[in-house]
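The lines below spell out each chain.
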Amino acid sequence: MSSVEAISAPLADGGTGAPAFRWRSASVVRMLDVVLAGGALLLLSPLMVSTALAIWTQCGGPVLFRQQRIGQGGRSFDCLKFRTMAPDAEARLPGLIDAEWRASRKFRHDVRVTRLGGFLRRSSIDELPQLMNVLRGEMSLVGPRPIVMDEAMLYGRRLADYCAARPGLTGLWQVSGRNDVPYRRRVAMDVWLVRNLTLGVYLAILARTVPAVLSRRGVY
């Protein structure tokens, strides 16, 4: 058992940790995840195919970027995105880490991002492959932001709350300013969402997601 799974273990069997998914509508939400994600994949398939072709022809290298993220119960999964960086981006990261990265886990001006990748990020098109993660049950349409292993220590004792739910394609952070939100506030938002996720909150965040994406606030 990994250290992440050990922290979240008391929650995996219905323990008395964070009250995630202790609502009668859990099965309804999963049904909505499947129906809405499946419908979105069908509707957006022409856009996704054209995006894949653009990445392949303009940037070279793999079309999809797979990265291990922490899922429900502390189990890791491959989170899918359209690749927005140069093929050697991971190898170049150690030489770029600075105070901004340590504080937010992001760069405001990441030199590894391609011109096409910048557009995909600003429009959130890069995240559309995560609809497949939703169908596979690794993610939900609404939930905490999926985090990488290196971020687990930044959550501290709140990691158990995070691990009590499926990570979300969208969530409170995504509709509240995204990268303009300090990291500690981002963690607090994730914890609040897990502890208060009801069908009403789920639908409200979905409704706010489209305006948030169109406004592009906090995206870089």
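Overview of the structure. Small disclaimer: the values here were computed from a predicted structure and weren't measured.

## Observations concerning the pattern of salt bridges
Inference 1: All told, the structure shown has 3 salt bridges when counted by the stated rule.
Inference 2: For E138, the salt bridge is made with R136, and the minimal N-O distance between the two is 3.1 Å.
Inference 3: D161 serves as the salt-bridge partner of R195, at 2.8 Å between the closest nitrogen and oxygen. Separated by 34 residues along the polypeptide, R195 in helix α9 (residues 183-196) and D161 in helix α8 (residues 159-162) bring together distant segments of the chain.

## Quick notes on the environment of S123
Inference 1: By the secondary structure assignment, S123 is in helix α5 (residues 115-123).
Inference 2: The exposure class assigned to S123 is buried, which follows from its relative accessible area of 15%.
Inference 3: Of the polar contacts made by the side chain of S123, one reaches the backbone oxygen of L120; its length is 3.2 Å.

## Looking at α5
Inference 1: Those residues of α5 lying buried are L116, G117, G118, L120 and S123.
Inference 2: Residues of α5 that are buried in the fold lie against α2 (26-58), β2 (76-82) and α10 (199-215).
Inference 3: The first or second residue beyond α5 is S124, which carries a positive phi of 65 degrees.

## Side note on the pairing of β2
One face of the sheet, then the other: side chains in a regular strand alternate in exactly this way.
Inference 1: Taking burial as the measure, the 7 residues of β2 include 5 buried ones, the bulk of the element.
Inference 2: Pairing between strand β1 (residues 64-70) and β2: 7 bridges, direction antiparallel. The residue of β2 that forms the bridge with Q68 is D78.
Inference 3: Here β1 folds back onto β2 in antiparallel fashion, the turn holding 5 residues, of which G73 has a positive phi close to 75 degrees.

## Focus on the environment of A165
Inference 1: As for its placement among the helices and strands, A165 is situated in the loop between α8 and β4 (168-170).
Inference 2: In the structure, A165 is positioned 23 residues away from V142 in sequence and 9.8 Å away in space, judged by C-alpha atoms.

Cut-offs applied
Position numbers for residues count from 1 along each chain, tracking the sequence in the order it is written. Restriction of local features to residues with pLDDT of at least 70 applies here, the model being predicted, together with a cutoff of 80 or more for giving and counting side-chain atom pairs; totals for whole chains, interfaces and linings are based on all residues. Side-chain descriptors were evaluated using all non-hydrogen atoms of the structure, hydrogens and water having been removed beforehand. A carboxyl oxygen of Asp or Glu within 4 Å of a side-chain nitrogen of Lys or Arg is what we treat as a salt bridge. Counting from the N terminus, the helices are DSSP H or I runs at least four residues long and the strands are E runs at least two residues long. Exposure is judged per residue with a 1.4 Å probe applied to protein chains only, and the accessible area is read against the type maximum: over 50% gives exposed, under 20% gives buried, and values in between give partly exposed. In protein, a polar contact requires one atom able to donate a hydrogen and another able to accept it; more generally it is a pair of N or O atoms within 3.5 Å, and residues adjacent in sequence count only if both atoms are side-chain atoms. Contacts between residues were defined by any pair of non-hydrogen atoms, one from each residue, lying within 4.5 Å. For two strands to pair, DSSP has to find at least two bridges joining them.

Coordinates in, geometry out; function isn't part of it.
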